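# Inside the fold
As a plain string of letters, each chain reads:
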Amino acid sequence: LPKSVDIFVDADQIEGSMGAQASSGYFAFSLARGDFLSGHINTSFVIVMDLLGNLQNVLIPPETTQDNITGYFRIEGLKFHNATALLLASNSRTIDHYFVWDWVNDAVEMLGDGVSGSSHDVQHLPDTDTYLSISSDFTYLIEWDARGRVVWNWTAPQWLTTASVSGTHMNHAQQTEGDVIFVSARDLSSVFKVNKQSSSIEWVLGGKRGDFDIIDQNGDRYPRNTVFFHRQHNAEYIGHDQFIMFDNGVNVTADPVYSSRLLVLTVNQSSDTATVSWQFDTYANSRIFGDADRLPSGNVVACYWPDTVFPNSKWERAQYEAVA
């Protein structure tokens, strides 16, 4: 665990278009220590604090015993559930579970009667009171109810997966209005739109099976079927035909192609184009993990894990092992 967490506050950045009310918000994140490769975690926390670093509550996730070794679930997927609760997707040595933590009333509950799946993501679907998640091997989507019964599942078609030598590695799934699901597939360097009713793919953004020419901020055009963003994390729909993501910028062997960046792409289906409407270069290489979220203020909050730390750098973000 880090010896300290440093917080730098810029009121103008926090408030954005919302004004002072944005400063009354909270920030949630997880910390863990252990052998990430084996999944054995011996220290784990989920923390909620205000924007000045004042702790609101801290959760020590439930213990898990595997191969006679006791450890803790590491919370990898963390999502807003409602005004008082967070959805948690856990990572452990052999099996991952989902929880809801009411951090105001300090109550935690395992979801779906212990249903298992990927720790990358989970989404509550309030209209059906079901949950959408990704399988443990990252290859298909599952929707399940409060008892853990699968009510819908979907696997990417063969014609799409042949665009990758390693598979799909779905790491984000998001259902929106009209039973549309957007899926981020890291190993395909793609985002695709799935029609839930027909279980068909309507279009693919990015990667070797992409349907859109991509136009960058300089006006340069990258033809469809070109890998424009590389092995992204948490590509999600934010409305108005826009998608935000953390573009790790690495190839299939995790070697850097360019420095990691935050991207917003605007899709125009009538012209079969996607335009980079905003980007931010981290000037760091972050091979795994990473996220970018558009805030109600209009600004973006992001986190990443740089490969190299420069303790004496004049650039503050380069001095830390994890940056948000």
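Here goes a summary of the coordinates provided. Here, residues in each chain are numbered from 1, in the same order as that chain's written sequence. Confidence filtering applies because this is a predicted model: local features only for residues at pLDDT of at least 70, side-chain atom pairs given and counted only at 80 or more, and all residues used for totals across whole chains, interfaces and linings. As a convention, hydrogens and water are excluded, and side-chain values are obtained from all of the structure's heavy atoms.

### Observations regarding the nonpolar core
Selection rule: For this analysis, a nonpolar core means a set of buried residues of the types Ala, Val, Leu, Ile, Met, Phe, Trp, Tyr and Cys, connected via side-chain atoms within 4.5 Å. Per-residue accessibility, obtained with a 1.4 Å probe over protein chains only, is compared with the maximum for each type, and a residue is labelled buried under 20%, exposed over 50%, and partly exposed between these values. Counting from the N terminus, the helices are DSSP H or I runs at least four residues long and the strands are E runs at least two residues long. Whether two residues are in contact is decided by their heavy atoms, any of which lying within 4.5 Å being enough.
In this structure, Leu141, Trp154 and Phe192 are the most contacted members of the largest nonpolar core, which totals 18 residues. The set of elements that each furnish at least two residues to this core consists of β11 (130-134), β13 (150-155), β14 (170-176), β15 (180-185), β16 (190-195) and β17 (200-205). Sequence-distant contacts of Phe192, that is, excluding residues within four places in its chain, are made with Trp154, Leu160, Ile181, Phe182, Val183, Ala185, Ile201, Trp203 and Val204. Counting 17 residues, the second-largest nonpolar core is a separate cluster that includes Val180, Ile214, Ala235 and Phe243.

### Comments concerning the pairing of β16
Inclusion rule: Strand pairing is defined by DSSP finding a minimum of two bridges between the two strands.
The buried count for β16 comes to five of six residues, which makes it a mostly enclosed element. In the sheet, β15 pairs with β16 via six bridges, with the strands oriented antiparallel. Each bridged residue has a counterpart across the sheet, and for Ala185 the counterpart in β16 is Ser190. With antiparallel pairing between neighbouring strands as the criterion, β15 and β16 make up a hairpin whose turn holds four residues, including Ser189 at a positive phi of roughly 50 degrees. By the bridge criterion, five bridges tie β16 to β17 in an arrangement that is antiparallel. Bridged to Asn195 within β17 is Ser200. Connecting the antiparallel pair β16 and β17 is a turn made up of four residues, with Ser199 showing a positive phi of about 60 degrees.

### Overview of a nonpolar patch on the surface
Rules: Residues enter patches when they are more than 30% accessible in relative terms and free of salt bridges; like-charged ones are connected within 9 Å and nonpolar ones (Val, Leu, Ile, Met, Phe, Trp, Tyr) within 5 Å. For the accessible areas, the method is Shrake-Rupley and the probe is 1.4 Å, while residue cover comes only from the protein chains on display. A pairing counts as a salt bridge when a side-chain nitrogen of Lys or Arg comes within 4 Å of a carboxyl oxygen of Asp or Glu.
Judged by side-chain polarity, Val5, Ile7, Val9 and Leu52 come together as a nonpolar surface patch covering roughly 360 Å² of accessible area. Note that Ile7 resides in the segment before α1 (11-15).

### What to know about the side chain of His120
Put simply, the rule reads: Whenever a nitrogen or oxygen atom comes within 3.5 Å of another N or O atom, the pair is scored as a polar contact, on the condition that within protein one atom can donate a hydrogen and the other can accept it, and that pairs from neighbouring residues in sequence are kept only if both atoms are in side chains.
Tracing the backbone through its elements, the reader meets His120 in the loop between β9 (107-110) and β10 (122-125). For His120, a relative accessible area of 18% corresponds to the buried category. In terms of polar contacts, His120 uses its side chain to reach the side chain of Ser118, at 2.9 Å. A distance of 3.5 Å separates polar atoms of two side chains, one belonging to His120 and the other to His169. Every residue in contact with His120, bar those within four places of it in the chain, is listed here: Glu76, Gly77, Phe138, His169 and Asn171.

### A short note on the sheet that holds β17
Inclusion rule: Axes here refer to lines fitted to C-alpha atoms; in helices the fit is confined to the stretch in contact. Angles between the N-to-C directions go from 0 to 180 degrees.
Taking strand neighbours across the sheet as the criterion, the four strands line up as β14-β15-β16-β17 in an open arrangement whose pairing is antiparallel. Of all the strands in the sheet, just β14 and β17 have a single pairing partner and so form its edges. In this sheet, adjacent strand axes meet at a mean angle of 20 degrees when their direction is disregarded. Across six bridges, β14 lies against β15 in antiparallel orientation. Along β15, the bridge assignment pairs Thr176 with Val180.

### Some remarks on the packing of aromatic side chains
In plain terms, the rule: Two aromatic rings, drawn from Phe, Tyr or Trp (for Trp, its six-membered ring), form a pair once their centres lie within 6.5 Å of each other, and the interplanar angle then sorts them: stacked below 30 degrees, edge-to-face above 60, tilted otherwise. Either the NZ atom of lysine or the CZ atom of arginine qualifies as a charge over a ring when it sits within 6 Å of the ring centre and within 35 degrees of the ring normal.
For the structure shown, the criterion picks out 16 aromatic pairs. On the numbers, 5.3 Å between centres and 85 degrees between planes, the contact of Trp203 with Phe212 is edge-to-face. Across this residue pair, the class does not change: Trp203 and Phe212 are buried. Considering the side-chain rings of Trp203 and Phe243, the 5.8 Å spacing of their centres and the 90 degrees angle between planes classify their relative orientation as edge-to-face. Note that Trp203 is positioned in strand β17 and Phe243 in strand β21 (residues 242-247), a separation of 40 residues in sequence. Take Trp203 and Phe243: they sit in the same class, and that class is buried. Ring pairs connect the aromatic residues Phe182, Trp203, Phe212, Tyr237 and Phe243, which therefore count as one cluster. Cation over ring: Arg261 sits above Phe228, and NZ or CZ is 4.9 Å from the ring centre.

### Digging into the pattern of salt bridges
The tally for this structure, following the rule as stated, stands at eleven salt bridges. Asp187 is the salt-bridge partner of Arg231, the closest N and O atoms lying 2.7 Å from each other. Of the two residues, Arg231 sits in the loop between β19 (221-222) and β20 (233-239) while Asp187 sits in the loop between β15 and β16, which places them 44 residues apart along the sequence. Side by side, Arg231 and Asp187 carry an identical accessibility label, which is buried.

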